[in-house]
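The chain contents come next:
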Amino acid sequence: MENSSTPSIDTDASLLHRIDTLNRHYGNTIDEDQLEEWPTFFIRDGRYMVTTRQNHEAGMPVGLILCDNRAMMEDRISALRIANLFEPHTYRHLIDPPVINEKSGTEYALQTSFVCFRTVQASGPEIFCTGKYLDKIIDDDGILRFKERIVVCDSERIDTLIVIPI
Amino acid sequence: MMASLNFKPNDFSEIPYTVYSDEEIYQQEQKHLFQGKAWHFLGLDIELPNPGDYKTMPVGDTSVIVVRNKNGNLNAMVNRCAHRGNLVCVEDHGNLDCLTCVYHNWTYDLDGNLATIAFEKGIQGQGGMAEDFDKSCHALQRLRVEEYCGLVFGSFSEEVQSLPEYFGPEMCKNIQRVLGRDMEILGRFQHGLDGNWKLYMENVRDTYHATLLHSFMTTFRLNRLSMKGAVEVSEGGLHHLTYSIRSQDNDQGQYNAKEIRAQNDEIALKAPELLESWQEFDCGTTLAIQSLFPNFSIQQLSNVITLRLIVPKGPLKSELTWWVLGAVEDTSEQRAMRIRQSNLVGPGGYIAMEDGAVVGWVRRGITGAEGKKSVLAMGGRDVERISESRCNELAVRGFWQGWHGLMEN
């Protein structure tokens, strides 16, 4: 029933399920404060960027957070644990099922909507951020990892600060 | 001056906490600072390259349209239709041939002159504007506009000096040094802060806190107060510049591990490329923070060049915008270094996130502190024009001298 005016929608149920599981595991790892595990969702030279819709659409290269490899992600987590000062807070991610935009061999390009709630000590929860993940995922011998995850926040405005990855 | 303000004559080392919460003071600031004898940052000229390009910017509580006219000149006018006060531009940027208020379709040219009125002559001879109505008396309210090194400023005041005189020669020299070349925008971010805008401006001018609050810097030896540097304050306290030069670090062991949180030599970055840099400036300056009164600042931190504007949103809230800049002449390697280093700044910046947080913490700390004052006595109580010690609150005292001078006006 495909017609040229509608985008092709991948319905590979088993792949979609695997990616959905990856995303839920990713969100859970952050929400449960297992942040040291977070870099392992990426390949060694994987890229992670948090940006805004406006910056993304304007092609701006600077991110709110920008890591070019796993080591930079590990530094983000050590700084958060040891150096940076902020009020303790937790996230709760709600992540939509993914949409596969492109498949090429064992590499997939996807986008996925999310909501991230934030609870700061006794206040909240409040909606900290809504947006989409723009992902490049590699199937590495049966293990799915991010080659790139760009977090595009809908709003240009962040409340106070961002220190925990989204 | 309001009765609630109670500064000692010529002493800006004790600040009544009411200045961060009082509604009347807030309204006076709108009048004397934001609509008074000061210049306000409206953006970069490169944001509006073509005729008809416009953006809206807040000057205090007032929305202002900044637009490039058909002759290529920049104009700024209040975003308020001369008819009923509706916003003329609802979108925050775009390109237009003329400015049209959607409410009753009044149109203005790009200089703010009222050009057409819907049904000006009525319909079939009925109605129409009053006979004595003169379109030339109903333009959009214009601001003065001046540019310096690609930065666009506007003022409601006809009396304030020209922009370079307002900044003074010492301040101009640093603006020239950092921005006196073709620049490009690499990103723009905003965060809402949970406190009065002045708490953030004090922080920008507070050279005392830098290595204490931002332990990322001391941990990775980015900046120490013992490096060679200085604080300069302009005449009357309005603007300030602080800088340091890393190659002349003079540490004499003042940084005791027991005194400085997380000062630990075992901590090393796993990805030290974050801090890879090149000597961009002949003078060797590795950190320069400059504030331009009332609410704008320019930073050079290694190779990260940023602009910050803190806009008041009522007495107890504010909104901070960052522009991250590069130079058009950058090589691709230099550009990559700037982009990596930009992890240091912004709402998620390794050495910037605490500044946003502390605004909210102070706001909460001083709730209920009416009648009490903060103390700014580090480095004495005077506002000297220059000090080589950055363990000093003189630039914060200078802010209050400048603030008080304009508010008394």
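Residues numbered from 1 in each chain as written. Chains lettered and ligands numbered in written order. Predicted model: local features only at pLDDT ≥ 70, side-chain atom pairs only at ≥ 80, totals over all residues.

Things to note about the overall build of chain B
And step 1. For chain B, the helix and strand inventory stands at 9 helices and 20 strands.
And step 2. Here chain B has a C-alpha radius of gyration of 23 Å; the compact-globule value for 409 residues is 22 Å, and the two agree.
And step 3. If one aligns the C-alpha atoms of chain B with their principal axes, the spans along those axes are about 85 × 55 × 35 Å.
And step 4. Within the span of chain B, comprising 409 residues, buried residues form 46% of the whole. (Helix = DSSP H or I, 4+ residues; strand = E, 2+ residues; numbered from the N terminus. Rg over C-alpha atoms; globule rule 2.2 N^0.38 Å. Buried ≥ 20, exposed ≤ 12 C-beta atoms within 10 Å, placed from the backbone.)

Observations regarding the overall build of chain A
And step 1. The helix and strand inventory of chain A stands at 3 helices and 8 strands.
And step 2. Mapped from its N terminus to its C terminus, chain A presents α and β elements in the order α-β-α-β-α-β-β-β-β-β-β.
And step 3. Computed over the C-alpha atoms, the radius of gyration of chain A is 16 Å, within 12% of the 15 Å expected from 2.2 N^0.38 for a compact globule of 166 residues.
And step 4. Its C-alpha atoms give chain A principal-axis dimensions of roughly 55 × 35 × 30 Å.
And step 5. Per-residue burial for chain A yields a buried fraction of 33% across its 166 residues.
And step 6. Taking the intrachain contacts of chain A between residues at least 6 apart in sequence as the baseline, contacts between residues at least 24 apart amount to 57%. (Contact = placed C-beta atoms within 7 Å.)

Focus: the environment of M407(B)
All names here are of chain B.
And step 1. Among the structural elements, M407 can be located in helix α9 (residues 394-408).
And step 2. The exposure class assigned to M407 is buried, which follows from the 20 C-beta atoms found within 10 Å.
And step 3. In the structure, M407 is positioned 55 residues away from A352 in sequence and 30 Å away in space, judged by C-alpha atoms.

Remarks on the sheet that holds strand β8 (residues 107-108) of chain B
Residues and elements named next belong to chain B.
And step 1. Here we have 3 strands laid out as an open sheet, ordered β7-β8-β9, and antiparallel in their pairing. Looking at strand neighbours, the two that pair on one side only are β7 (99-100) and β9 (114-116), the edges of this open sheet.
And step 2. With 2 bridges connecting them, β8 and β9 associate as antiparallel partners. Bridging from a neighbouring strand, Y108 pairs with L114 of β9. (Pairing = 2+ DSSP bridges.)

Focus: the interface of chain A and chain B
And step 1. With 30 residues of chain A at the interface, the matching set in chain B holds 33 residues.
And step 2. Of all the secondary structure elements, the ones that give two or more residues to the side of chain A that touches chain B are β1 (42-52), β2 (65-67), α3 (70-83) and β8 (157-159) of chain A.
And step 3. Per-element accounting of the side of chain A that touches chain B gives the leading share, 7 residues, to α3(A).
And step 4. In terms of residue class, the side of chain A that touches chain B is made up of 18 nonpolar, 5 polar and 7 charged. (Nonpolar A, V, L, I, M, F, W, Y, C, P; charged D, E, K, R; others polar.)

Some remarks on the domain arrangement of chain B
All names here are of chain B.
And step 1. For chain B, the assigned domains are domain 1 (40-147) and domain 2 (168-408).
And step 2. Centre-to-centre, using C-alpha coordinates, domain 1 lies 36 Å away from domain 2.
And step 3. The interface is formed by 5 residues belonging to domain 1 together with 8 residues belonging to domain 2.
And step 4. Taken together, the residues that form the side of domain 1 that touches domain 2 break down as 4 nonpolar, 1 polar and no charged. (Domains from an automatic or database assignment.)

Examining the environment of G112(B)
Residues and elements named next belong to chain B.
And step 1. Take G112: it is sitting in the loop between β8 and β9.
And step 2. Note on G112: 22 C-beta atoms within 10 Å, which makes it buried.
And step 3. The spatial distance from the C-alpha of G112 to the C-alpha of R142 is 7.2 Å, given a sequence separation of 30 residues.
And step 4. For G112, the residues in contact, after removing those within four places along its chain, are N75, M77, A139, L140 and R142.

Considering the sheet that holds strand β20 (residues 386-387) of chain B
And step 1. Judged by pairing direction, the sheet is mixed, and its 9 strands sit side by side in the order β8(A)-β12(B)-β18(B)-β17(B)-β16(B)-β15(B)-β14(B)-β13(B)-β20(B) without closing on themselves. Each edge of the open sheet carries a strand with a single partner, namely β8 of chain A together with β20 of chain B.
And step 2. Bridge count for β8(A) against strand β12 (residues 183-193) of chain B is 3 bridges, and the pairing is parallel. Each residue of the ladder has a partner; that of D159(A), found in β12(B), is G192(B).
And step 3. Here α9(B) sits on the sheet in contact with β13 (228-233), β14 (240-245) and β20 of chain B, set at roughly 10 degrees to β13(B). (Axes fitted to C-alpha atoms, helices over the stretch in contact; angles between N-to-C directions.)

Observations regarding the nonpolar core
Residues and elements named next belong to chain B.
And step 1. Grouped together as the largest cluster of nonpolar side chains are 139 residues, with contacts concentrated most on V64, I65, V66 and Y200.
And step 2. Looking at which element gives the most residues to this core, the answer is α9, with 7 residues.
And step 3. Other than its neighbours up to four places away in sequence, I65 contacts Y54, T56, A76, M77, N79, V88, C89 and L99. (Core = buried A, V, L, I, M, F, W, Y, C linked by C-beta atoms within 7 Å.)

Side note on the packing of helix α4 (residues 197-205) of chain B against α9(B)
All names here are of chain B.
And step 1. Running from N to C, α4 and α9 cross one another at 140 degrees; their axes reach a closest spacing of 7 Å. Taken together, the axes of α4 and α9 are oblique relative to one another. Of the two possible hands of crossing, α4 and α9 adopt the one that is right-handed. Contacts between α4 and α9 involve M201, E202 and R205 from the former and A395, V396 and F399 from the latter.
And step 2. Its residues assigned to classes, the contact of α4 with α9 shows 4 nonpolar, no polar and 2 charged. (Parallel < 35°, antiparallel > 145°, perpendicular 65-115°, else oblique. Left-handed = near helix turned anticlockwise from the far one by under 90°.)

Brief notes about helix α8 (residues 353-365) of chain B
Residue and element names in this part refer to chain B.
And step 1. With 13 residues, α8 extends 19 Å from end C-alpha to end C-alpha; this agrees with the ideal 18 Å at 1.5 Å per step.
And step 2. Counting buried positions over the 13 residues of α8 gives 10, a clear majority of the element.
And step 3. All of the buried residues along α8 are M353, E354, D355, G356, A357, V358, V359, G360, V362 and R363.
And step 4. Tucked into the core, α8 has its buried residues touching β12, α4, α5 (210-213) and β18 (318-327). (Expected span 1.5 Å × (residues − 1).)

Details of the packing of α4(B) against α8(B)
The description of two packed helices rests on the angle between their axes and on the distance between the axes.
All names here are of chain B.
And step 1. Axis separation between α4 and α8 bottoms out at 9 Å; the angle between their running directions is 130 degrees. Comparing their axes, α8 and α4 come out oblique. Seen from above, α4 lies across α8 with right-handed handedness. Counting all contacts with α4, which are made through L199, Y200 and N203, the residues of α8 involved are D355, V358, V359, V362 and R363.

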